[in-house]
Structure formats: C-alpha cells, structure tokens
Amino acid sequence: MSAHLSYGRVNLNILREAARKELREFLDKCGGSKAIVWDEYLTGPFGLIAQYSLLKEHEVEKMFTLKGGHLPAADVKNIIFFVRPRLELMDIIAENVISEDKMHSPRDFHILFVPRRSMLCEQRLKEQGVLGSFINIDEYILDLIPYDGDLLSMESEGAFRECYLESDQTSLYHTAKGLMTLQALYGTIPQIFGKGECARHVANMMLRMKREFAGSQTQILPVFDSLLLLDRNVDLLTPLATQLTYEGLIDEVYGITNGYVKLPPEKFSAQKKQGEAGKDLPTEPKKMQLNSAEELYAEIRDKNFNGVGAALSKKAKIISAAFEERHSAKTVGEIKQFVSQLPHMQAARSSLANHTSIAELIKDITTSEAFFDNLTVEQEFMTGVDTDKVNTYIEDCIAQKDPLIKILRLVCMQSVCNNGLKQKLLDYYKREILQTYGYEHMLTLNNLEKTGLLKPQTSTRNNYPTIRKTLKLWMEDANEQNPNDISYVYSGYAPLSIRLTQVLARPGWRSIEEVLKMLPGPHFEERQQLPAGLHKKRQQGENRTTLVFFLGGVTYAEIAALRFLSQMEDGGTEYIIATTKLINGTSWIKSLMDRPEAQAC
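Residues numbered from 1 in each chain as written. Predicted model: local features only at pLDDT ≥ 70, side-chain atom pairs only at ≥ 80, totals over all residues. Heavy atoms only, no water.

### Quick word on the packing of aromatic side chains
Spelled out, the test is: Between 30 and 60 degrees the pair is tilted, below 30 it is stacked and above 60 it is edge-to-face, where a pair is any two Phe, Tyr or Trp rings, Trp via its six-membered ring, whose centres lie within 6.5 Å. Either the NZ atom of lysine or the CZ atom of arginine qualifies as a charge over a ring when it sits within 6 Å of the ring centre and within 35 degrees of the ring normal.
Applying the stated rule across the entire model yields 16 aromatic pairs. Put simply, the rings of Phe26, Trp38, Phe46, Phe82 and Tyr140 touch in pairs and so form one group of aromatic residues. The aromatic ring of Phe524 is capped on one face by Arg200, whose charged end is 4.1 Å from the ring centroid. The side chain of Lys287 reaches across the aromatic face of Tyr260, ending 4.7 Å from its centre.

In structure tokens form, the structure reads like this:
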C-alpha cells in the first residue's frame, strides 16, 4: 500500500515518477538477466520509489544484501551493486568481485552509487585491482524521497552531525541539488526565506546553480509560492522533548524507519482458544506500514495521544453500524451494494484492530509513573523552573543507571532552556555521567558541547524566557482533544521551529526581529526571477503553498503541527515538509554519540 502522494495542489508522484524513469534507464543499460547486491541502508528508501515488480520488469531475478566473501549463487548475466559512496563498502565489493573472478564465472559487473559518484571510492576499487571489472559505473541521484502526500526526506542519517560537528557541507550540497531537481519539476520558487548558517549556504548554492543553468529554465507555472529553509540548531529544544502525538509516540517508543514500524507480536496474534495459551506465539516482530493511504491512520496520526482513544471508539461504532446494515439489506440490489462495500469494511475493521492494539501498547507506557515523572521534568525545564540548579530527578536516574540517552536528552534540555549551564553544574553532570556509564563517553559529551546542545554558560543573560514569552512557546491549558493551537503536539509546548513558520506566514518576521537576532545564524529573504508569463494570478481565497525544509532533521510532532496549520480554516497557507532526515530525540542524540553501540550500557 503506497501513500497517496497528492496533497492540495502539489502532486509528489511527479517526483517519484522522475526517479523511477532514471532507475529504468540505468537497468536497461545492463542488458540481460540481473542480480542486485544492495547496501542494506538503501533498501528502505528505494522501497519508497520502486516496488519489486518494477525491478522484475527489467529482468532483475535475484537480490542480495552486500556482505563479505562469496556472492550467493545466481545464474545471471549482470551483477549490479547499489551502494552509498563509502570506502568500507568498496572493500566488501572488491572481495565479492575477486571471489567471482576466481570461479571464472562470465559475469558483467556494474556499480550504481547513491546519491553521488565518488572519486575516492573509485580510487579504492583501483587499489584493490577490481576497477577494470566494472562495465558501468554510474550515479543515481536520490536526493528527495517522497514519504507521504506532503512529506519529502533525504534520509541522510549523518546530516546534522556532518554540518554542526564535522563542518562537512556535503549534505547541504545534496540539499541544494535536490531543491534544483524539485524546481525543474514544479517550477521556480519565487521567494526563499531562511534562518541559520546552513540555510544561508543552501540558498547561496541554489542561487549559484540557477545562474549556471540560466539558459535552461523550465517553463512551468510555479507550484510553490515560497521556500523556508530552517536550520535544526535554530531550535535545539524541540527534538529533545517527548513527542505526544500518536505517530510521534510510536516513533519515540518503537522507532519508525522508512515508513515502517516493528512491534511486539503478542498483541497481534489471533485470539487463542482457551487452554492454548503459550502455544505457537509469534516471535517475529510485526512489521506495519504507516502512511496516509490507510484512512484511519491518516485520521489519528497527528492527534495528541489523549485524543486517540475517543477517535478509535467513534470509529468502532461507525464500523459496527455498517456491518449491522447487512440485516436490513432485503432486495438483490441492496445485498449487491452491501457485498461491494465489504472489502473496504473488512479493511477498516482490520485497521481498527491494529491501531487499537498499538494504542494499548503505547498507553501502557504513557500511564506509567516513569513516563509521567520524565514528562514533568521536561515541562518544568520548558517553563523555566529551576533550570540553573542540579535536578534531583536527573541525579536519581543516573544513580539507578537509566539508559544513557534518556539522561543526555534531559541534561541537554536543561542546558538549552538555560542558555548553557554554569561551569560548576556542567562539570558535576559530566562527572556523574562518566563515573556511572564509563569514560569512553567523554567523546560524546564533547560532541554535544560542540553542537551547542550541552554547553557552559558564556553570558549571564538567558534569552530563552524572552523567546518563550514573545513567541508564546508555552500555552497553559492546551486543548488536546480539540486543539486550537499547535502547542497540543507537546501538551503545552509550541515547537519554536513551527512558531517561526507560523509568524512568517502572518504577520511576517519583521514583527519578531529582536527574537530572530537572539537565535543562532542569519535570517534572510531572496527573490528568484520568474520567466516572463509565469507569474501566478492568485484566485480569491486560494491558499499559498510553502515548502518548509528542515536542515538537520524534523520530528513527527513538528510535522503534525504544520499539518494542523495547513488545515486551519483561516490559515491561508498549505505546507509541504522536506527534511534531511526524520528524527526523534533518541536517534538524534545517537547520531552524535561516538560509541552508539554502548548507549544501552
């Protein structure tokens, strides 16, 4: 079930089709039967572009995961490696090719780099003596992947780390390239707004690329009215907070990867007969796809979790009333109509059963004392309570050796809400963490400091309270059931990134100049000239369409808040969301750890 990729005026299928066309062309270059050897990380993103059926049409008979040693047996003419440009993967490919050559099997080898070719990788293959074995060496530019009707992601897992820790701007170049591809398909975006150093870089690269291609402008009426580029480090607070929407909590608890979630199977096994308990219980996690193609999920994904129960019971009543109608179907026509609706009704019933089970799993966690205590401390920090003192809850969590990432999220949150911690307090936390979890985490603490997540206070002035009040980041009594403000996604806290987006649409950033200066990096506006005759005449009451691009990652709760703004009656703006990566606090902190495998210690 793939997502409906059309949202308002924007049809993301155009982007997906362009990506498929390029894939077909490459596969056709390699005539004859084929086996694809996948870099495992790429299988998820590719699954969102092309189903196996498309590969089969182009004579792909076998698929393997890239591993050292011999390739599995396959009676095919072509072996194609689909890989990211990583040196360690080149060594594995070389091993595969050498072992094939020893067996003297007459194979043609090809390599497809995603998203860019790399001279370094080709040099490594040359050193290993296998570069000459490849007939085709090509690149497949998979920059922006359509995840849903209003969501694009580059799924670049290291983007935040590269930009803010390693000063590596490769992902920014890919972002600019991706946005150029988007403009080639959807028309030039007339206005570009941005906030942050990375946003400035991306805008500069886009404008330079546009000048370089000045002669080949697309004659397409623009679909987007404006582009907003936002640096993740303009708002470091939001991803640290626990997301409280249904989709956000699924991601916090189980992790959503490329639109799929793996869940504990017990809840989903068919009801066992009495006396059979314990027999044949499934052990494999249940893998479920999550996107807006599923009617019920589209309806509840962005609700605050406290509003999900009521929505599910309302749905249950509607479904059971629909099934009851079979008793009143008397004539052949009525019976026929009921039967024709049956598949849809059965799908709805199965969807309801699944989401009821997921909601029960999540509820077990959200009603626990541990969850409540953690949330209370988060909300105290967000409202500015005791952010400059040692927090006893954090001390207790360290003493009972709670997961390190939980500790790091809270300490970073305290630091961000206090514009850094006094040196004495920072040293105390660091000492406690290193003594309890091991000195190898020194590197991780340094990384968090370099990115500004956990830092010493350099000035006595804490700007956070001013930012919080001016932008109304904390709303008392947020309505979780029938929200009237974006703060419902965190039960009171309005994500700073989305408030900036909201203010930009109305009344404009000039109204918050002082606050913008307190946030890191420049803010700017650029206009792109449109070819003659392509200026849009806006109809009365027609919404503007804005593409919001998060550089360094976005959370599902932020996406929910933007969807809420899109649906507001008097909003006047429809939002499409793009990002370098879909993140949550755990995956984000993990990407900055220098020994992520030690995170559970």
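### Quick word on empty space enclosed by the protein
Test applied: Here the term cavity refers to a set of points on a 1 Å grid, laid over the protein atoms alone, in which a 1.4 Å probe fits but cannot get out; the term pocket refers to an open set having protein on both sides within 12 Å along at least five of seven lines, with lining residues being those that place an atom within 4 Å of a point. Grid points are joined across faces, edges and corners, and a volume is the space filled by probe spheres set on the points.
Counted according to the given criterion, the structure contains 3 cavities of 30 Å³ or more. Quantified by volume, the largest cavity comes out at close to 70 Å³. In terms of lining residues, the largest cavity is bounded by Tyr147, Asp148, Leu151, Glu247, Ile256, Gly259, Leu290, Asn291, Arg301 and Tyr556.

### Some details on the confidence of the model for the protein chain
In plain terms, the rule: Think of pLDDT as the predictor's per-residue confidence, scored from 0 to 100. Only heavy atoms enter the contact rule, under which two residues are in contact if any of them lie within 4.5 Å.
Residues with a pLDDT of 70 or more make up 92% of the protein chain, whose mean pLDDT is 90. Counted against residues more than four places away or in other chains, residues 271-276, with its pLDDT under 50, gives 2 contacts.

### So, the nonpolar core
As a reminder, the rule being used: What makes a nonpolar core is a set of buried Ala, Val, Leu, Ile, Met, Phe, Trp, Tyr and Cys residues whose side-chain atoms join them at distances within 4.5 Å. Think of it in three bands: residues with accessible area under 20% of the maximum for their type are buried, residues over 50% are exposed, and the middle band is partly exposed, with areas taken using a 1.4 Å probe on protein chains only. Think of it this way: any DSSP run of H or I at least four residues long counts as a helix, any run of E at least two long counts as a strand, and we number them from the N terminus.
In terms of nonpolar packing, the biggest core is built from 164 residues, with Phe82, Leu229 and Leu500 touching the most fellow members. The element that contributes the greatest number of residues to this core is helix 15 (residues 404-417), accounting for 10 residues. Sequence-distant contacts of Leu500, that is, excluding residues within four places in its chain, are made with Leu230, Val234, Leu471, Trp509, Ile512, Leu516 and Leu519. Core analysis: the second largest hydrophobic core is formed by 23 residues, Leu89, Val97, Ile111 and Leu125 among them.

### As for the state of the cysteines
Applied cut-off: Note on terminology: disulfide denotes any pair of cysteine sulfur atoms within 2.5 Å.
Tallying each qualifying case throughout the model produces 0 disulfides. Cysteine Cys163 shares no disulfide, and the gap to the nearest cysteine sulfur, in Cys198, comes to 4.3 Å. Looking at the unpaired Cys397, the closest cysteine sulfur is the one in Cys412, lying at 14 Å. Looking at Cys397, the relative accessible area reads 1%, which means it is buried.

### Thoughts on the pattern of salt bridges
Keep this limit in mind: Think of a salt bridge as a Lys or Arg side-chain nitrogen and an Asp or Glu carboxyl oxygen that are within 4 Å of each other.
Tallied over the entire structure, the rule returns 35 salt bridges. In this structure, Arg116 engages Asp143 in a salt bridge whose closest nitrogen and oxygen atoms are separated by 3.2 Å. Taken together, the positions of Arg116 in the loop between strand 6 (108-113) and helix 5 (119-127) and Asp143 in the loop between strand 7 (134-139) and strand 8 (145-148) put the pair 27 residues apart, joining distant regions of the chain. Comparing Arg116 with Asp143 shows no difference in burial state: the two are buried. The partner of Asp402 in a salt bridge is Lys406, and the shortest N-O contact between them spans 2.9 Å. On the accessibility criterion, Lys406 (22% relative accessible area) is partly exposed.

### Examining the environment of Leu23
Examined against the element boundaries, Leu23 turns out to sit in helix 1 (residues 13-29). With 31 residues separating them along the chain, Leu23 and Leu54 place their C-alpha atoms 9.4 Å apart. Those residues in contact with Leu23 that sit more than four places away from it in its chain are Phe46, Ala50, Leu54, Leu55, Phe82 and Tyr140.

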